[in-house]
Structure formats: structure tokens, C-alpha cells
Amino acid sequence: MTAASEPSREPGSAPAAAEPAEPSRDEYLHVHRLMCATKALDDRMHVLVRQGRAPFVGSARGHEGIQVAATAALRPDDWLVPHYRGLGNAVARGLTAREWMLAVFARAGDPLSGGRNIPGGCFSHPRLRIAPVSQVVASWIPKAAGIAYASKLRGDGAVTLCTFGDGATSKGDFHEGLNFAAVHRLPVVFVCENNGYAISVPLRLQTANPAIADRAAGYGMRGVAVDGTDVPACYAAAREAVARARAGEGPTLIEARIWRINAHTSEDNQARYRPAEEMAEAARHDPIVRFQEWLTGRGWLDPEEARSVQDRLDREASEAADWAERQPWPRPEDLETHVFA
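Residues numbered from 1 in each chain as written. Predicted model: local features only at pLDDT ≥ 70, side-chain atom pairs only at ≥ 80, totals over all residues. Heavy atoms only, no water.

For T229, the location among the structural elements is in the loop between strand 7 (222–227) and helix 8 (231–246). Only 2.7 Å separates the side chain of T229 from the side chain of D227, close enough to count as a polar contact. In contact with T229, not counting residues within four places along its chain, are R257, I258, W259, H285, P287 and R290. (Helix = DSSP H or I, 4+ residues; strand = E, 2+ residues; numbered from the N terminus. Polar contact = N/O pair within 3.5 Å; in protein donor to acceptor, adjacent residues only side chain to side chain. Contact = heavy atoms within 4.5 Å.)

In this section: the pattern of salt bridges. Inspection of the entire model under this criterion finds 22 salt bridges. With a shortest N-O distance of 3.1 Å, R53 and D322 are connected by a salt bridge. Of this pair, R53 sits in the loop between helix 1 (25–50) and helix 2 (64–72) while D322 sits in helix 11 (residues 303–325), placing them 269 residues apart in sequence. Taking relative accessible area as the criterion, D322 reaches 33% and is therefore assigned partly exposed. Of the charged contacts in the structure, one is a salt bridge between D227 and R290, with a shortest N-O distance of 2.8 Å. On the criterion of sequence distance, the pair formed by D227 in strand 7 and R290 in helix 10 (residues 287–297) is long-range, its members being 63 residues apart. (Salt bridge = Lys/Arg side-chain N within 4 Å of Asp/Glu carboxyl O. Buried < 20%, exposed > 50% of the residue type's maximum accessible area, 1.4 Å probe, protein only.)

Running from N to C, helix 1 and helix 2 point in directions that differ by 130°, and their axes come no closer than 9 Å. One finds that helix 1 runs oblique with respect to helix 2. Where helix 1 crosses over helix 2, the handedness of that crossing is right-handed. Listed contacts from helix 2 to V31, L34, M35, T38 and K39 of helix 1 are E64, G65, V68 and A72. Considering only residue class, the contact of helix 1 with helix 2 consists of five nonpolar, two polar and two charged. (Axes fitted to C-alpha atoms, helices over the stretch in contact; angles between N-to-C directions. Parallel < 35°, antiparallel > 145°, perpendicular 65-115°, else oblique. Left-handed = near helix turned anticlockwise from the far one by under 90°. Nonpolar A, V, L, I, M, F, W, Y, C, P; charged D, E, K, R; others polar.)

A word on helix 8. The periodicity of an α-helix, 3.6 residues per turn, causes residues three or four places apart in sequence to face the same way. With 16 residues, helix 8 should cover 22 Å at 1.5 Å per step; its first-to-last C-alpha distance of 22 Å lies within 8% of that length. Here helix 8 lies mainly inside the structure; 13 of its 16 residues are buried. Immediately beyond the C-terminal end of helix 8, within one or two residues, lies G248, with a positive phi of roughly 90°. (Expected span 1.5 Å × (residues − 1).)

Pasting the structure below:
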């Protein structure tokens with residue numbers, strides 16, 4: 001983990017945030033379980049799409065480490081503003097397998113959109129403080145700054161976590177959101193999940209400076225680059241950024257460099273623009289496998305137990321899908337419920 005920038009503190013500003021304590025074994029094992037739960041749901045969705053039972057999947061494979069670790073650094077009263085690939089964020093926030101599958105099958109009980117949106121494309125969960133997700137790339141970044149501004153005005157101590165892909169950093173919303181957050185020293189953490197592709201456009205064709213964390217210096221905020229497949233490093237970076245935000249030290253931009261294991265979505269054929277060697281290399285950078293090896297090395301998790309955890313969550317995802325498919329469809333008369341215009 002490297003700090004790309006560290007702005008000077010203004011005279012009379014809040015004292016520096018205390019260094020977060022090292023997470024416990026149980027905390028790390030909880031993060032591991034949430035990552036495995038994310039993989040189980042993601043894998044099951046791909047099966048459902050191939051079976052013709054579900055319409056779409058925007059895979060989070062390869063993103064699980066940074067998504068779960070960053071979200072695990074939050075408190076229940078904090079806010080999450082994820083992007084449309086943020087299944088791991090939602091699971092870490094408390095979304096259940098059954099709730100997710102209700103959305104996949106667009107059933108009436110879907111707590112994310114009441115069966116109105118494609119799975120993961122657009123959703124929100126007020127009880128879990130997950131703000132509405134949008135498919136308009138980067139449009140949620142200024143919204144996250146606005147939520148953090150409201151928290152600062154209210155003095156409620158809440159921190160906002162905002163996630164996005166590397167493609168979002170090429171949009172004007174990215175500049176506006178980060179600039180506003182830095183000017184007002186808002187309690188917000190921006191996380192760029194840099195998988196090297198904006199759909200099919202590689203990072204080298206998006207920006208002349210591939211070090212996205214370096215951009216933080218231009219806004220006067222702290223920037224951190226981290227290996228997004230290194231879960232302990234991601235967790236440490238997120239916990240530190242959240243602590244700084246809560247202490248009044250302003251926003252942080254975290255760039256997590258990861259590998260996109262699957263295609264952009266189930267509608268995408270990545271073989272048309274990614275060499276076979278690169279896709280094979282991406283599969284070798286699975287954050288779940290790396291984290292399991294780290295836990296095993298510490299004597300906190302043995303391989304058999306890891307397989308048991310994943311098998312159990314795979315069954316839970318399958319059972320949740322079968323259950324959700326049997327639930328009632330939305331009623332036509334509820335079409336305009338919660339629609340204001």
C-alpha cells in the first residue's frame with residue numbers, strides 16, 4: 001500500500017485520527033465469509049442466466065476483496081453509495097441471499113426496487129443505508145459528496161463510502177464530486193476499483209496517467225494505491241480512510257488495482273478484446289484464493305474448512321434462488337408505487 005498524496009492540515013483543524021487497531025481473527029474470518037457469499041451469489045447468477053431463468057449478471061468476480069473489506073470498515077449508521085457491480089458491498093452491508101435473489105427474479109418482495117430493475121443495475125436499500133445505484137457511469141459520485149455534506153451539516157458522525165470503476169474517473173462527475181468533497185473536507189471515502197477496463201476500453205486508452213490515486217493531489221486530498229487482491233491491505237487502507245473521515249480530516253481516494261475475472265456483463269464477449277493469456281492471468285489473481293492462503297498461513301483457516309464454507313454458501317445461494325423463483329410477481333396495480341413523476 002502506498003500513499004500517493006498527503007495534503008497539509010489546515011491550522012485549527014481536527015486532531016489526527018487515531019490509528020485503527022489491528023482486526024481480530026474473527027473479523028478477518030467474517031470478511032472471508034462475506035467474500036465467499038458474494039462469489040456464491042455471483043456464480044449462481046451465471047448459472048441462472050445460462051439456464052434462461054435470469055436475464056442478466058454484471059459480475060463482481062475479482063472485486064470481492066476491496067468491496068467487502070472497504071464496506072466492513074463502516075458502521076451501521078454510515079452510508080454506502082456503490083456502483084452497479086457492487087454485489088460484495090451490498091452483501092457486506094447485510095443484504096441476504098434471499099433478498100438478492102428476489103431482485104434477480106424481479107419478484108414483488110424485492111427490497112431493492114420492487115422488481116423494477118435489472119439485477120444489480122439499479123437498486124437501493126434504505127434500511128441498510130445503501131443509496132440508489134445508477135447505471136449512468138459516475139453520476140453517483142457527486143451524490144455521495146452531497147450525502148457526506150448533509151452528514152457534516154447535521155453533525156451525525158456518519159461516513160459515506162462511494163465506489164466506482166476506472167472508467168468513471170474519465171467522467172466530469174468524478175472531478176466535480178471529488179473537488180466538492182475536498183473543498184468542504186467532507187467525511188467521504190472514494191474507492192476506485194481499477195480492473196483496467198471500462199467495458200472493453202483498456203485503461204491506456206482512457207488516461208495518459210494510469211496511476212488514478214495520483215489524481216488526489218490535484219484536489220488536495222489524500223490518495224492511496226493498494227493491491228486490490230491483498231485483502232488485509234485493502235482492509236487497512238479502508239479502515240484508516242474511514243477513521244480520518246470520521247475525525248474531520250476530509251476525504252480519501254483509494255485506488256484498488258484488481259483483475260476483472262469475468263466479462264463486463266453476461267451480454268459481453270470479452271474474448272473479442274482481451275487476449276486469452278490475459279484472461280488466464282486474471283483468473284490466477286482471485287482475491288478469495290489469495291486471502292484463504294493468507295488465513296491458512298496464520299493458522300486461522302484450514303483448506304478443508306475453507307471448502308466447507310464455500311460449499312455451504314453455494315447451497316444457500318442455490319436454495320435462495322429456488323425459493324425466490326416461487327415467490328409472487330409484482331401486481332400491475334402497484335406499477336406506480338413510489339413513482340413520483
